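Here is what each chain is made of, one letter per residue.
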Amino acid sequence: MTATQAGEAELLRGLLTTPEYRKTLALCALTGIPVSLVCFWFLAGLHELQHLLWDSLPQGLGWDGPPWWWPLPLLLVAGVVVGWVVTRLPGAGGHVPAAGLAMGGTSAKALPGVVLAATASLPFGAVLGPEAPLIALGGGLALLLRDLARGPGTPQASVLMGVAGAAAAISAIFGSPLIAAVLLIEVVGVGGPQLVAVMLPALLSSGLGALVFTGFGRWTGLKTGGLTVRIPGTVPRLDAADVGWGLLLAVVLAVVLRLTVGAGRHVAVYVTRRTVARTALCALGAGVCAAVYALVTGRSPAEVASSGQAMMAPLVESPQSWAVGVLVAVLLCKTAAYALCLGSLRGGPIFPALFLGCAAGVLAAPLPGLGVVPAVTAGLAAGAASVLRLPVSSTVMALVLVDSPGMTPVAILATVAALITAELPVGHRRRQPAATAARPA
């Protein structure tokens, strides 16, 4: 052991034995359970509301499913409510999705706005995922419980509690504490003894959270709409064609998603003036994309006006039920709606990117020498890496979702190719949207 390693080991030992850290660790274990319960009911409520708006209500009015115009009024309402939250409530409803994935605690004052903006966005058809509101909700509740318990109020303790609460929340939506842990490692961006100190509370809280979600879901019979993609059949052996086509798919996806996120940032800047009106206009534009898709294909507009998490499993299980023209239409319309929602509504950026990667993989699967399993794996990894810019998290996410360890080389290479493509320099620095600031309407 070198002198540096010995010094780091001694520093870690001293950190773990301090009363403040041990108290924070105990609080993380205790808060992981109530935070997971609150997040469970939040997700279950969003899932039930979405089912009511997109299934029960159209059927109750005499349709087999939502008509082509259905997303227009729903997303208009979403835009008006989110615009009002951004201008009137503390925290502006959470961070702008086009700014990426923020990790940490949200103040207690901002939590009502975060919950209301997410409730108005996600069930009403926003092309966004629930991960960002869950992270804000989990981190904010953990800090609130810390304050109620009069726990350590140091900056380090606040970071640990916020990250632990976020881990407890996000582990359930991906169905794996492993994804939450790896995601936190890269988002927090620390190393050495600090990494261990941060990850212990996060792993403890996310592990307990996963147990609570699993058990509570079985007891109540309610669903939260967790993300899962299990590809049926035997996993094929990799060959040169799989790798080559996978790399090409990753590069194309990275270019498209880089432009999409860039457009979302421009939308975020656009809505900072006359926030309510412009947010409603952009949300309505996303509804138009879904309506156009329904008119062109004759399929449900919900396939565009949603995060995409519920559509991924049917897509990979029955790719033959999606014609080439339908796949092209859903990719074009959902990408446009995604860009509009990234800058105007509230939610997370990961789920739609995963769906676009999955759909692109299914579209590319018939290429000579390719196939559904490696194509979808490459698409998932590239989609996540293009938006998150986190290589390890993107690789692990793709492998856990497809449940095919043999696809590890394809996932890694697709992640690297997408990340390099997404990080290529451009002529000028893009203007970043403010995370929470908003001007009056």
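1. Quick word on helix α10 (residues 275–297)
Here's step 1: The terminal C-alpha atoms of α10, which comprises 23 residues, lie 33 Å apart, in line with the 33 Å expected from a rise of 1.5 Å per residue.
Here's step 2: T275, T279, A280, C282, A283, A286, G287, C289, A290, A291, Y293 and A294 are the residues of α10 that are buried.
Here's step 3: Tucked into the core, α10 has its buried residues touching α3 (71–88), α9 (240–270) and α12 (324–344).
Here's step 4: Just downstream of α10, G298 is the residue with a positive phi angle, here 75°.

2. Considering unusual backbone geometry
Working note: non-glycine residues mostly have negative phi, and peptide bonds are mostly trans.
Here's step 1: Of note, the phi angle at A92 is positive, near 55°, even though the residue is not glycine.
Here's step 2: Mapping A92 onto the fold places it in the loop between α3 and α4 (111–121).
Here's step 3: Using a relative accessible area of 3% as the deciding quantity, one classes A92 as buried.
Here's step 4: Phi is positive for R274, which is not a glycine, with a value near 50°.

3. Describing the nonpolar core
Generally speaking, soluble globular proteins have nonpolar side chains that are buried together.
Here's step 1: Counting residues in hydrophobic clusters, the biggest one holds 106 residues, and the most contacted among them are Y338 and L380.
Here's step 2: If we skip the residues at most four places from it in the chain, Y338 touches V127, L128, L257, T260, P349, P352, A353, L356 and V387.

4. A look at the confidence of the model for the protein
Here's step 1: Confidence in the prediction of the protein, expressed as mean pLDDT, is 81, and 73% of residues score 70 or more.
Here's step 2: In this model, residues 434–441 is a region of pLDDT below 50 whose contacts with residues beyond four sequence positions or in other chains number 19 contacts.

5. Focus on the packing of aromatic side chains
For any two aromatic rings, the description comes down to two numbers: the centre-to-centre distance and the angle of the planes.
Here's step 1: Enumeration over the complete set of coordinates arrives at 4 aromatic pairs.
Here's step 2: Ring geometry for F40 versus W41: centroids 5.5 Å apart, planes at 85°, classification edge-to-face.
Here's step 3: The exposure class of F40 is buried, given its relative accessible area of 1%.
Here's step 4: Seen in terms of ring centroids, W63 and W70 are 6.0 Å apart; in terms of plane orientation they differ by 70°. Their pairing is edge-to-face.
Here's step 5: Given the relative accessible area of 33%, W63 is considered partly exposed.

6. Points about the environment of A240
Here's step 1: If you trace the backbone, A240 turns up in helix α9.
Here's step 2: Remark: the alpha-carbon pair of A240 and L370, spanning 130 residues in sequence, is separated by 9.2 Å.

7. Considerations on the pattern of salt bridges
Here's step 1: All chains considered together, the criterion is met by 2 salt bridges.
Here's step 2: A salt bridge links E303 to R299; the nearest nitrogen and oxygen atoms lie 3.0 Å apart.
Here's step 3: Taking the relative accessible area as the measure of exposure, E303 reaches 8% and is therefore buried.
Here's step 4: For R299, a relative accessible area of 25% corresponds to the partly exposed category.
Here's step 5: Note that E423 is salt-bridged to R389, the shortest N-O span being 3.2 Å. Placement of the pair is E423 in helix α16 (residues 408–423) and R389 in the loop between α14 (372–388) and α15 (391–402), with a sequence separation of 34 residues.
Here's step 6: Accessibility expressed as a relative area gives 45% for E423, which makes it partly exposed.
Here's step 7: In this structure R389 comes out as partly exposed when scored by relative accessible area, which is 26%.

About the criteria used
- Residues numbered from 1 in each chain as written.
- Predicted model: local features only at pLDDT ≥ 70, side-chain atom pairs only at ≥ 80, totals over all residues.
- Heavy atoms only, no water.
- Helix = DSSP H or I, 4+ residues; strand = E, 2+ residues; numbered from the N terminus.
- Expected span 1.5 Å × (residues − 1).
- Buried < 20%, exposed > 50% of the residue type's maximum accessible area, 1.4 Å probe, protein only.
- Contact = heavy atoms within 4.5 Å.
- Core = buried A, V, L, I, M, F, W, Y, C linked by side-chain atoms within 4.5 Å.
- pLDDT = per-residue confidence, 0-100.
- Phe/Tyr/Trp six-rings, centres within 6.5 Å; stacked < 30°, edge-to-face > 60°.
- Salt bridge = Lys/Arg side-chain N within 4 Å of Asp/Glu carboxyl O.

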